[in-house]
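# Inside the fold
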Protein chains: 2
Amino acid sequence: MGDEVKLYGAGGSPFVCRVKFALKMKGIKYENFEEDISNLSANVLKYNPVHKKVPVLLHNGNPIAESLVIVEYIDDVWKGVPILPQDAYDRSVARFWAKFIDDKCNPAAFKVFGSNGDEKVVAEACEQLQMLENELKVKGTKFFGGDNINLVDIAADFIAYWLGTIEEVTEIKFFTKDKFPKLTEWADEFVNCQFVKEILPPRELLLEFFKKRYGKA
Amino acid sequence: MGDEVKLYGAGGSPFVCRVKFALKMKGIKYENFEEDISNLSANVLKYNPVHKKVPVLLHNGNPIAESLVIVEYIDDVWKGVPILPQDAYDRSVARFWAKFIDDKCNPAAFKVFGSNGDEKVVAEACEQLQMLENELKVKGTKFFGGDNINLVDIAADFIAYWLGTIEEVTEIKFFTKDKFPKLTEWADEFVNCQFVKEILPPRELLLEFFKKRYGKA
């Protein structure tokens with residue numbers, strides 16, 4: 001019996017792209033439902049009544065929500081390229097960093113633009129990004145996953161691609177090669193992976209979206 | 001070779017108790033290091049430099065932080081009573097609810113006391129708790145894990161035990177049998193499990209702690 005896989009998402013969302021990366025890594029074919037995030041479909045509201053958000057993955061009729069939960073599910077169900085490390089300790093370290101990115105790093109970075117670049121808010125974002133910079137320095141590898149992309153690289157897609165785009169729109173720049181030599185190098189490597197490039201939304205589309213959001217249109 | 005397991009924690013913390021429940025479920029012997037959370041030891045700062053918080057588990061010299069990450073690690077490494085469901089879909093559902101409790105439910109409930117019972121804040125907390133109430137109603141089981149405790153029950157320990165204690169101290173009550181018949185029944189079942197009782201901190205100790213915190217001492 002073939003698997004029926006449906007993804008309810010929005011191409012411009014870094015959370016949705018996480019799921020697309022995972023599906024691509026496993027070579028899973030799926031039906032993509034593009035949602036209007038300002039007017040979600042009845043399906044999304046039905047399948048994710050708690051958060052009323054995309055992404056939602058529907059696998060043989062079973063709905064799964066929350067991007068990192070979905071990525072772990074995909075890794076659990078489909079063999080092939082592993083997304084989480086095989087070793088239990090390494091797996092816990094990957095989960096730790098993925099959680100850190102969602103709980104601390106992304107909110108701190110995002111807050112900068114809402115605060116119009118307030119110095120304290122920028123300092124807080126830099127402090128969180130520095131944790132990832134240090135982790136890459138200690139590991140000494142190309143990706144958080146070593147030679148290959150893993151859960152942490154996927155989780156950090158906002159930093160790799162979206163952050164620079166919002167910086168360009170708002171003209172508030174703090175994610176620099178000077179301050180974060182390893183993390184900016186990692187971002188370049190990540191966005192230039194062939195399979196990543198195929199999934200990332202066009203930069204022009206993001207620029208347009210954020211110009212509207214930050215009143216720069 | 002025997003395992004060396006050390007837990008750096010504080011008995012009054014619901015996050016630390018999550019780890020203690022997991023270790024108990026697996027029958028793991030460990031050395032307990034009681035920390036003063038207002039003056040953490042050099043070990044905690046060394047092993048959890050990112051968050052500088054307890055709990056930290058040290059397994060054969062490898063540090064792991066973040067309570068839910070630790071609980072998943074314990075379930076990964078030690079056989080015996082399972083903490084996460086065996087089925088991949090059920091596992092994703094358990095992870096979804098554990099994350100919901102940390103991201104939405106606990107912060108919303110905790111905020112009530114900081115807001116001195118502001119009506120809107122209480123309504124928001126009730127809305128989040130209602131999601132758990134509904135989930136229990138749909139499942140129709142004693143625990144989130146079915147007949148036995150699983151990751152979600154462990155994750156919800158704050159709701160089961162701490163919430164009522166803070167309500168008593170602050171005299172702000174919203175987690176009632178009237179509003180949440182299933183969830184309050186679940187809380188009773190959970191705190192009356194023999195192995196849970198053995199781990200929960202004495203109620204008097206919590207009352208004393210929160211009386212100081214909320215200026216009721």
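Residues numbered from 1 in each chain as written. Chains lettered and ligands numbered in written order. Predicted model: local features only at pLDDT ≥ 70, side-chain atom pairs only at ≥ 80, totals over all residues. Heavy atoms only, no water.

Per the secondary structure count, chain A includes 10 helices and four strands. Starting at the N terminus, the α and β elements of chain A follow one another as β-α-β-α-β-β-α-α-α-α-α-α-α-α. Here the C-alpha atoms of chain A give a radius of gyration of 17 Å, agreeing with the 17 Å that 2.2 N^0.38 yields for 217 residues. Along the longest, intermediate and shortest principal axes, the C-alpha atoms of chain A span 55 × 45 × 30 Å. By sequence separation, contacts in chain A at least 24 residues apart represent 70% of the contacts at least 6 residues apart. Computed over 29 positive and 33 negative side-chain charges, the separation of the two mean positions in chain A equals 2 Å. (Helix = DSSP H or I, 4+ residues; strand = E, 2+ residues; numbered from the N terminus. Rg over C-alpha atoms; globule rule 2.2 N^0.38 Å. Contact = heavy atoms within 4.5 Å. Lys, Arg positive; Asp, Glu negative; His and termini not counted. Charge placed at Lys NZ, Arg CZ, Asp CG, Glu CD.)

All told, the structure shown has 24 salt bridges over all chains when counted by the stated rule. Two residues, A:K99 and A:D103, come together in a salt bridge whose shortest N-O distance is 2.8 Å. In this pair, A:K99 and A:D103 are both assigned in helix α4 (residues 88-114), four residues apart and thus about one turn of the helix distant. Where B:K177 meets B:D188, a salt bridge forms, and the shortest distance between an N and an O atom there is 3.2 Å. Here B:D188 lies in helix α8 (residues 181-191) and B:K177 lies in the loop between α7 (157-170) and α8, a separation of 11 residues in the sequence. (Salt bridge = Lys/Arg side-chain N within 4 Å of Asp/Glu carboxyl O.)

A few words on the domain arrangement of chain A. All names here are of chain A. The domain boundaries assigned to chain A delineate domain 1 (5-77) and domain 2 (88-213). In this structure, domain 1 and domain 2 have C-alpha centres spaced 21 Å apart. Listed per partner, the contact involves 15 residues of domain 1 and 20 residues of domain 2. When domain 1 packs against domain 2, close to 1500 Å² is buried across both sides, 72% of that on carbon and sulfur atoms. (Domains from an automatic or database assignment. Buried area = accessible area lost by both parts, 1.4 Å probe.)

Mapping chain A onto chain B is achieved by rotating through 180° and translating by 0.0 Å along the same axis, at an RMSD of 0.0 Å. What the superposition gives is, in effect, a two-fold axis relating one chain to the other. Taking the C-alpha atom as reference, chain A places A:D103 closest to the rotation axis, 4.3 Å from it. The overlap is high: 100% of the interface residues of chain A also sit at the interface in chain B, so the same surface is used on both sides. (Least-squares fit on C-alpha atoms with pLDDT ≥ 70 in both.)

Once that is clear, we can look at the sheet that holds strand β3 (residues 56-59) of chain B. All names here are of chain B. If you walk across this open sheet you meet the four strands as β2-β1-β3-β4, and the pairing is mixed. Of all the strands in the sheet, the pair left with one neighbour each is β2 (31-34) and β4 (62-65). The sheet shows a mean angle of 20° between the axes of neighbouring strands, taken without regard to direction. Judged from the four bridges that link them, strand β1 (residues 5-9) and β2 form a sheet pairing that is parallel. Looking across to β2, one finds that L7 is bridged to N32. Across the sheet, helix α1 (residues 14-26) lies against β1, β2 and β3, angled at about 155° from β1, the strand it touches most. (Pairing = 2+ DSSP bridges. Axes fitted to C-alpha atoms, helices over the stretch in contact; angles between N-to-C directions.)

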